[in-house]
Amino acid sequence: MIRSVAINRRRRSLDVDLEGRDEPLAFPWSRLEPAPERDDRVATAEVDPELAREAVDFQLESGGAGVLHEEQVLEYHRDPRMTVEVMRRMERSPLGIRE
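Residues numbered from 1 in each chain as written. Predicted model: local features only at pLDDT ≥ 70, side-chain atom pairs only at ≥ 80, totals over all residues. Heavy atoms only, no water.

**A look at the sheet that holds strand 5 (residues 55-60)**
- The 3 strands are arranged 4-5-6 in an open sheet whose pairing can be described as antiparallel. Both outer strands of the open sheet, strand 4 (42-47) and strand 6 (65-69), are each paired with one neighbouring strand and no more. Sheet twist, expressed as the mean angle between neighbouring strand axes with direction ignored, is 25°.
- Sheet analysis places strand 5 next to strand 6, joined by 5 bridges and oriented antiparallel. Looking at strand 6, one finds that F58 is bridged to G66. (Pairing = 2+ DSSP bridges. Helix = DSSP H or I, 4+ residues; strand = E, 2+ residues; numbered from the N terminus. Axes fitted to C-alpha atoms, helices over the stretch in contact; angles between N-to-C directions.)

As structure tokens, this is what we get:
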């Protein structure tokens with residue numbers, strides 16, 4: 001669950017504060033979809049309560065918008081908790097491994 005998000009213009013990143021973490025994780029703007037151009041910065045970023053606080057809605061100064069999911073941040077930082085959660089969900093899933 002995402003507790004908060006902050007725009008870090010100096011580092012050109014979104015600092016995402018996740019539950020269970022001591023410090024926020026930085027997610028670079030270049031990895032966002034849509035990615036901001038050189039003169040186009042992130043204007044706003046908010047935790048989305050409608051997505052169970054598992055995603056961040058962001059808007060660019062040009063008007064473009066996108067969503068950053070908690071799992072994208074964990075994958076970028078290669079958090080082993082994400083792998084454990086995926087394995088738990090796979091065990092509960094009725095689908096086979098190759099499906």
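Past the structure itself, the notes keep going.
**Brief notes about the nonpolar core**
- Ranked by internal contacts, the top residues of the largest apolar core, which has 18 residues, are V5, L14, V16, L32, V42 and L68.
- Those residues in contact with V5 that sit more than four places away from it in its chain are L14, D15, V16, A45, E46, V47 and V56. (Core = buried A, V, L, I, M, F, W, Y, C linked by side-chain atoms within 4.5 Å. Buried < 20%, exposed > 50% of the residue type's maximum accessible area, 1.4 Å probe, protein only. Contact = heavy atoms within 4.5 Å.)

**Here we look at the packing of aromatic side chains**
- Scanning the model with the defined rule gives 1 aromatic pair in all.
- Arranged with centres 5.5 Å apart and planes meeting at 70°, the rings of F27 and Y76 form a pair that is edge-to-face. Placement of the pair is F27 in strand 3 (residues 25-28) and Y76 in helix 1 (residues 70-76), with a sequence separation of 49 residues.
- The class of Y76 is partly exposed, set by a relative accessible area of 34%. (Phe/Tyr/Trp six-rings, centres within 6.5 Å; stacked < 30°, edge-to-face > 60°.)

**A short note on the pairing of strand 3**
- A two-sided burial pattern is seen for strand 3, the buried positions comprising L25 and F27 on one face and A26 and P28 on the other.
- Relative to strand 3, strand 2 (residues 13-18) runs antiparallel, the two sharing 4 bridges. Within strand 3, the position partnered with V16 by the bridge is L25.
- Counted between consecutive antiparallel strands, the loop separating strand 2 from strand 3 contains 6 residues, among which G20 sits at a positive phi close to 90°.

**Some points on the pattern of salt bridges**
- Here the structure, examined in full by the defined rule, presents 2 salt bridges.
- Among the salt bridges present, the one from R3 reaches D17, with a minimum N-O distance of 2.8 Å. Residue R3 is found in strand 1 (residues 2-8), and its partner D17 is found in strand 2; the two are separated by 14 residues along the sequence.
- Of the residues examined, R3 reaches a relative accessible area of 39% and is grouped as partly exposed.
- Put simply, E61 and R41 hold a salt bridge, and the shortest N to O gap is 3.5 Å. Residue E61 is located in the loop between strand 5 and strand 6, and its partner R41 is located in the loop between strand 3 and strand 4; the two are separated by 20 residues in the primary sequence. (Salt bridge = Lys/Arg side-chain N within 4 Å of Asp/Glu carboxyl O.)

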